[in-house]
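# Structural characterization, general
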Amino acid sequence: MTHHRTVRSQSKMALPVRTDMKHLFRFFLKFNSSKRAFCSAACSGNKESAGGGRVFSGIQPTGVPHLGNYLGALENWVSLQSQFPSVLYSIVDLHSITQPQDPALLRSNILDMAASLLACGIDPERAILFQQSQVSEHAELSWILGCLTTMPRLRHLPQWKMKSKQKKDGSVGLFTYPVLQAADILLYKSTHVPVGEDQVQHLELAQDLARIFNNHYGDLFPEPAALLSCTRKVKSLRDPSAKMSKSDPHTMATISITDSPDDIALKVRRAVTDFTSEVTFDPEARPGVSNLVTIHAAMARMGVEEAVAQAAGLDTGAYKRLVTEVVIQRMTPIREEIQRLRADPEHLEEVLSQGSCRARELAAPVLREVRQRVGFS
């Protein structure tokens, strides 16, 4: 991959977090400027990245994605297929077992996710779509990188802090899964990783581990750069202070991409708003209405200002009907395609099997080089 050196200079924007406030200030300046540059490029359809680079991203098999997943990640994944010459998307089932899983349900969820990704526009001809656990090199590289990682470094990552508090006693797998994330990325010498803002610190770990490995054993891994989506986060329809989530106990809070038109209409109609009838965009003062504007703008592929302009003269009740129509129009073809694909599990298994073979072809020589440098062979 001849482009590694150029990407290395771009990816310096994410430095390890230090207690020195001067370093922290410099980091945030660099991070914010990089984020703005990517967002403007993505939103304007800029394809300057098409000359080189490799994208990797993964998604856990937690069943069918919801609207927030689609707008926040999957829509971006589809567009990246035409912006980079090499793209890998993994259903990361190894990550999913950091929480207890029913084996039969996990198998079903993997196929549900495969069908969902294909229906949303992931094309196996333009991207490698594969099941993480079928490429054993991920786990072996994770162990090697784990031996270069300190426990204090992992202890300060936000996901561990949050989830270990929720579970009171998190597993070793939950503690070390950011190392597996780093292995997922570095195994393919990935240069770019689409991430949400809550995952940036985990990507920094991958960057740190690339530097640490290269310093110990000679240059091998590029330092991957973050691709931050410019799409605003979609919030819960029942609690707009929280993001939309599959784990939300309130059934009216989340729109699944397989919801029927009637279900979508009901959920949008019951979405929390306020007592002002005019539609405006003010996430701080009017989070519920602003969430509907965000959804409307993203689903109609327009700016927030244009969405608000379309709502002129409508009260929130009428505006909810407009939002419902736009969501149904975008989601119906995806829902129907998921149903068609899910009816043929053998086809889905074959797509994942072929993807895993292609992923192994890329992963195996990298791990052979790692093993040789570490001294295993």
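What comes next concerns the included structure.

Rules used in this analysis
Residues numbered from 1 in each chain as written. Predicted model: local features only at pLDDT ≥ 70, side-chain atom pairs only at ≥ 80, totals over all residues. Heavy atoms only, no water. Phe/Tyr/Trp six-rings, centres within 6.5 Å; stacked < 30°, edge-to-face > 60°. Helix = DSSP H or I, 4+ residues; strand = E, 2+ residues; numbered from the N terminus. Buried < 20%, exposed > 50% of the residue type's maximum accessible area, 1.4 Å probe, protein only. Pairing = 2+ DSSP bridges. Right-handed = clockwise from strand over helix to strand, strands pointing away. Core = buried A, V, L, I, M, F, W, Y, C linked by side-chain atoms within 4.5 Å. Contact = heavy atoms within 4.5 Å.

### Focus: the packing of aromatic side chains
Centre distance and the angle of the planes are the two values used to describe a pair of aromatic rings. This model, assessed by the stated rule, comprises six aromatic pairs. Relative to Y188, the ring of F56 lies with its centre 5.8 Å away and its plane at 10 degrees, an arrangement referred to as stacked. Within this pair, whereas F56 is found in strand 1 (residues 54-59), its partner Y188 is found in the loop between helix 9 (172-186) and strand 4 (192-195), the two being separated by 132 residues in sequence. Its relative accessible area of 3% is what places F56 among the buried residues. On the basis of an interplanar angle of 5 degrees and a centroid distance of 4.2 Å, the ring pair of W77 and Y89 is categorised as stacked. A residue pair is termed long-range when its members are at least 10 positions apart, and W77 in helix 3 (residues 67-80) and Y89 in strand 2 (residues 86-91) qualify at 12 residues. Taken as a pair, W77 and Y89 share a single burial class, namely buried. Each member of the aromatic cluster is reached from another via a ring pair, and the members are F56, F130 and Y188.

### Side note on the pairing of strand 2
Among the six residues of strand 2, six are classified as buried, and the element is accordingly described as predominantly covered. Both faces of strand 2 are covered, namely the face carrying S86, L88 and S90 and the face carrying V87, Y89 and I91. Here strand 1 runs beside strand 2; their pairing, made up of six bridges, is parallel. By the bridge assignment for strand 2, F56 is matched with L88. In this region the chain leaves strand 1, passes through helix 3 and returns to the parallel neighbour strand 2; the handedness of that crossover is right-handed.

### A short note on the nonpolar core
In terms of nonpolar packing, the biggest core is built from 58 residues, with Y89, L117, Y319 and M331 touching the most fellow members. A per-element tally of this core places helix 5 (residues 103-120) first, with 10 residues. Dropping the residues within four chain positions of it, Y319 is found in contact with V279, L292, V293, H296, A307, A311 and L314.

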